[in-house]
Amino acid sequence: MTDTTPAFDDEFDVIVVGAGAAGLSAALSAVEETGGSARVAVLERSTKDIRGGNTRWSGAYLRLQNTTTPVPNLVEYAMSASKGYANRDYYDALVREVPEAFDWLHEQGVELKSLPTIFLTLSATRYQPVGGGVNIVEPLFARLEATSATVLYETSAESLITDDRGRIIGLRVRERTGQVRTLGAGAVVLACGGFQGNREMMSKYVGRNAYRVPPISRGGAHNRGDGLRMALEVGAATEGQFDLFHAEPKDPRSAVAEAVVMTYPYGILVNSAGERFLDEGAKTVDLTYETVARTILQQDDSIGYAVFDQQVKQIPGYEHAIGTDVEPYTADSVEELETLLGLPAGSLVRTVAEFNAASAGDVSFVWSKLDGLASRPAGQPVKSNWARPLTEGPFFAYPQICANVFTFGGVKTDLDAQVVTSDGHPIDGLFGAGEMTGLYYEAYAGSTSVMRSITFGRIAGRNAARLSLQNTTERAIA
Ligand SMILES: Cc1cc2nc3c(=O)[nH]c(=O)nc-3n(C[C@H](O)[C@H](O)[C@H](O)COP(=O)(O)OP(=O)(O)OC[C@H]3O[C@@H](n4cnc5c(N)ncnc54)[C@H](O)[C@@H]3O)c2cc1C
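Residues numbered from 1 in each chain as written. Predicted model: local features only at pLDDT ≥ 70, side-chain atom pairs only at ≥ 80, totals over all residues. Heavy atoms only, no water.

This next bit is on the layout of surface pockets. The computed volume of the largest pocket comes to approximately 470 Å³. Taken together, the elements giving at least two residues each to the lining of the largest pocket come down to α3 (74–81) and α9 (289–298). Top element by residues in the lining of the largest pocket is α9. It accounts for 5 residues. In the lining of the largest pocket, the residues fall into 9 nonpolar, 5 polar and 7 charged. Summarising the domain contributions, the lining of the largest pocket has at least three residues from each of domain 1 (10–244 + 408–477) and domain 2 (247–403). (1 Å grid on protein atoms, 1.4 Å probe; cavity = no way out; pocket = protein on both sides within 12 Å on 5 of 7 lines; lining within 4 Å. Points joined across faces, edges and corners; volume = space filled by probe spheres on them. Helix = DSSP H or I, 4+ residues; strand = E, 2+ residues; numbered from the N terminus. Nonpolar A, V, L, I, M, F, W, Y, C, P; charged D, E, K, R; others polar. Domains from an automatic or database assignment.)

Let us look at the pairing of strand β1 (residues 10–17). Where burial is concerned, most of β1 is hidden: 6 out of the 8 residues are buried. Sheet analysis places β1 next to strand β8 (residues 180–190), joined by 7 bridges and oriented parallel. If you follow Val16 over to β8, its bridge partner there is Val189. Relative to strand β2 (residues 40–44), β1 runs parallel, the two sharing 4 bridges. If you follow Ile15 over to β2, its bridge partner there is Ala41. For the crossover that starts at β1, traverses helix α1 (residues 21–33) and ends in the parallel β2, the hand is right-handed. (Buried < 20%, exposed > 50% of the residue type's maximum accessible area, 1.4 Å probe, protein only. Pairing = 2+ DSSP bridges. Right-handed = clockwise from strand over helix to strand, strands pointing away.)

Before going further, it helps to spend a moment on the pattern of salt bridges. One side chain can pair with another of opposite charge once the charged atoms of both are near each other. Overall, the coordinates contain 23 salt bridges when judged by the stated rule. When the shortest N-O distance is used, the salt bridge between Arg51 and Glu145 registers 2.7 Å. Here Glu145 lies in helix α5 (residues 134–145) and Arg51 lies in the loop between β2 and α2 (53–57), a separation of 94 residues in the sequence. Residue Glu145 is classed as partly exposed on the basis of its relative accessible area, which comes to 43%. Between Arg458 and Glu100 there is a salt bridge, with the nearest N and O atoms lying 2.8 Å from each other. One end of the pair, Arg458, is in helix α12 (residues 449–477); the other, Glu100, is in helix α4 (residues 88–107), and 358 residues separate them in sequence. The class for Arg458 is buried, based on a relative accessible area of 5%. Overall, the relative accessible area of 33% leaves Glu100 in the partly exposed class. (Salt bridge = Lys/Arg side-chain N within 4 Å of Asp/Glu carboxyl O.)

Right, let's talk about the environment of Ser302 for a bit. Among the secondary structure elements, Ser302 is positioned in the loop between α9 and β12 (304–308). Given the relative accessible area of 6%, Ser302 is considered buried. Here the alpha-carbon distance between Ser302 and Phe12, two residues 290 residues apart in the chain, equals 47 Å. Beyond its immediate stretch of four places on either side in the chain, Ser302 contacts Arg212, Ile296, Leu297, Gln400 and Ile401. A distance of 2.7 Å separates polar atoms of two side chains, one belonging to Ser302 and the other to Arg212. (Contact = heavy atoms within 4.5 Å. Polar contact = N/O pair within 3.5 Å; in protein donor to acceptor, adjacent residues only side chain to side chain.)

Bringing the packing of aromatic side chains into the picture now. Aromatic ring pairs are defined here through the distance separating the ring centres and the angle between the ring planes. Across all of its chains, the model carries 19 aromatic pairs by this definition. For the pair Phe408 and Tyr440, a centre-to-centre distance of 5.6 Å together with 50° between the ring planes defines the contact as tilted. Of the two residues, Phe408 sits in the loop between β14 (395–407) and β15 (410–411) while Tyr440 sits in the loop between β17 (426–432) and α12, which places them 32 residues apart along the sequence. Accessibility expressed as a relative area gives 1% for Phe408, which makes it buried. Through a chain of ring-to-ring contacts, the aromatic side chains of Phe406, Phe408, Tyr440 and Tyr444 assemble into a single cluster. We note Lys313 situated over the ring of Phe396; from NZ or CZ to the ring centre the distance is 4.8 Å. (Phe/Tyr/Trp six-rings, centres within 6.5 Å; stacked < 30°, edge-to-face > 60°. Lys NZ or Arg CZ within 6 Å of the ring centre and 35° of its normal.)

In the vicinity of the ligand there are 41 residues, among which Glu44, Thr55, Asn223, Glu435 and Ser449 approach most closely. One of the side-chain nitrogen or oxygen atoms of Glu44 is found 2.5 Å away from an oxygen atom of the ligand. The backbone of Ala157 places a nitrogen or oxygen atom 2.9 Å from a nitrogen atom of the ligand. When the ligand sits alone it has 1000 Å² of accessible area, and the protein chains cover 99% of it. Elements with a contribution of two residues or more to the shell around the ligand: α1, β2, α2, β6 (156–162), β14 and α12. In terms of residue count, α2 provides more of the shell around the ligand than any other element does, 4 residues in total. (Near = heavy atom within 4 Å. Areas by Shrake-Rupley, 256 points an atom, 1.4 Å probe, with all protein chains shown as cover.)

Below, the discussion takes up the nonpolar core. If you look at the biggest cluster of nonpolar residues, it comprises 95 residues, and the most contacted ones within it are Tyr91, Phe102 and Met262. Looking at which domains feed residues into this core, each of domain 1 (10–244 + 408–477) and domain 2 (247–403) supplies at least three. The next biggest cluster of nonpolar side chains, apart from the first, holds 36 residues, and it includes Leu183, Met201, Ala210 and Ala247. (Core = buried A, V, L, I, M, F, W, Y, C linked by side-chain atoms within 4.5 Å.)

Here the focus is α4. A turn of α-helix holds 3.6 residues, and therefore any two residues three or four places apart point the same way. The end-to-end C-alpha distance of α4, which contains 20 residues, comes to 29 Å, matching closely the 28 Å that a straight helix rising 1.5 Å per residue would cover. Where α4 bends most, at Glu97, the angle is about 45°, and the proline Pro99 comes one to four residues later. Where α4 begins, the side chain of Asn87 points an oxygen toward the backbone nitrogen of Asp89, at a separation of 3.0 Å. After α4 finishes, the residue Gly109 shows a positive phi value of roughly 95°. (Expected span 1.5 Å × (residues − 1). Bend = angle between axes of the 7 residues up to and from the residue.)

Examined at the domain level, the chain breaks down into domain 1 (10–244 + 408–477) and domain 2 (247–403). The centre of domain 1, based on its C-alpha atoms, is set 35 Å off from the matching centre of domain 2. Taken together, the contacts link 24 residues of domain 1 with 32 residues of domain 2. Remark: the boundary between domain 1 and domain 2 carries 1 salt bridge. We note a salt bridge from Arg126 to Asp286, for which the minimum N-O separation is 3.2 Å. Scanning the region where domain 1 abuts domain 2 turns up 5 residue pairs in polar contact (both at pLDDT 80 or more). Among the residues making up the side of domain 1 that touches domain 2, the classes are represented as 15 nonpolar, 6 polar and 3 charged.

Shown next, in the form of structure tokens:
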């Protein structure tokens, strides 16, 4: 460090901010890269009992065709989901690096399987850790705790410290007690998630009614845009669509992380006026739920109701698609259900009657594929598939709101996971990975967030360790 280097309260070779999939992969990779010699610290805002960020609460589906290989055409799919705006080089690198990263993940004790998903109809295969994201987080923590790395819980990074040449040399952090400390670092990896837990930033970037969108998980509530703010303060460029986020519809009555009702393609969705407002069966469910959530947000009161009759329960495995742990509102007649939901008198009865009258198609209902059984009620949106009349009571409904899984806009990195300026220069000593790096535009390329967090977390950790040791050697020679 230069003569002007301030005295720090403590010093490390690599400091990783955030202990989710990206941060844990980075920290372990930094340790590994130096044969265990690097002094690595991980800062984590949360308490130890809920460690692991958004990742801990995630289903963590991975767009893989086996445990280490991305599905074919992942890059084309992701580019098309983003309407061509996404960084193709990033996706190319992802596809190239996933096999190594996922071999490594397996070595860390994370078991992946192809299991039944919350999606009864799917556009591509998925693998997931048995038990979800917590079973990525805990094995990685177990490995990390077996090294000399330090994990500082209930410690939030507040700002980056630079030297007079703009190189990152440390961080100012605030501990649980409120005390501020300075930590010196050869390199810093920002892996502290998006800004879904920060209402001010959500309003600033996403706009009107963004305050109505809660983070989908307790982990997400800790992701308050600190990584983005800190990186912007030192001149970072951005990437990804700042006015969008990955949206999922959820039952607001439930406290579980993924309180979804992914059976809605087999029923109807109505708003607080008791009216249908979109095509519930437009595509396979994994390709529609984000649009559904966003459209619910646009309704008056930002609430919807997924309404069913008993026929939905005949679909094999339909219970896998219900994540909420709260029972639905149930009634013997549509009229009674309308009253239970507090909808305007006659509204739901009319909507269902008109929908049913237009739904007597001669195409067979096939739950497992786009069956073409369509309904075109006058004055209502078309329902393109699975449009059976709702006739078999008792009828039941779940309320649905739009929740924020993670934000799309973030910091821009190069393929070495170094944070770059708007001129494309790497900011010396600063790396980024996971949600806090911007990637997505228009629509989320499903089941790629955990995959990229692990893969680029690993790249960031390795490169941060290399750079830190190189800087140390240079300083020793000087
Ligand atoms: C319910 C749910 C379902 C999901 N389903 C899927 C899925 O099926 N497939 C998929 O790919 N993705 C899914 N996701 C999204 C995915 O899990 C996350 O985007 C990904 O795991 C993010 O990893 P990360 O390491 O970047 O962030 P996180 O795991 O959120 O980790 C960031 C960490 O940084 C900490 N932090 C924040 N600010 C600071 C600070 N200033 N100082 C110190 N620490 C800080 C936070 O406490 C947090 O622990 C889902 C998410 C949820 C919640």
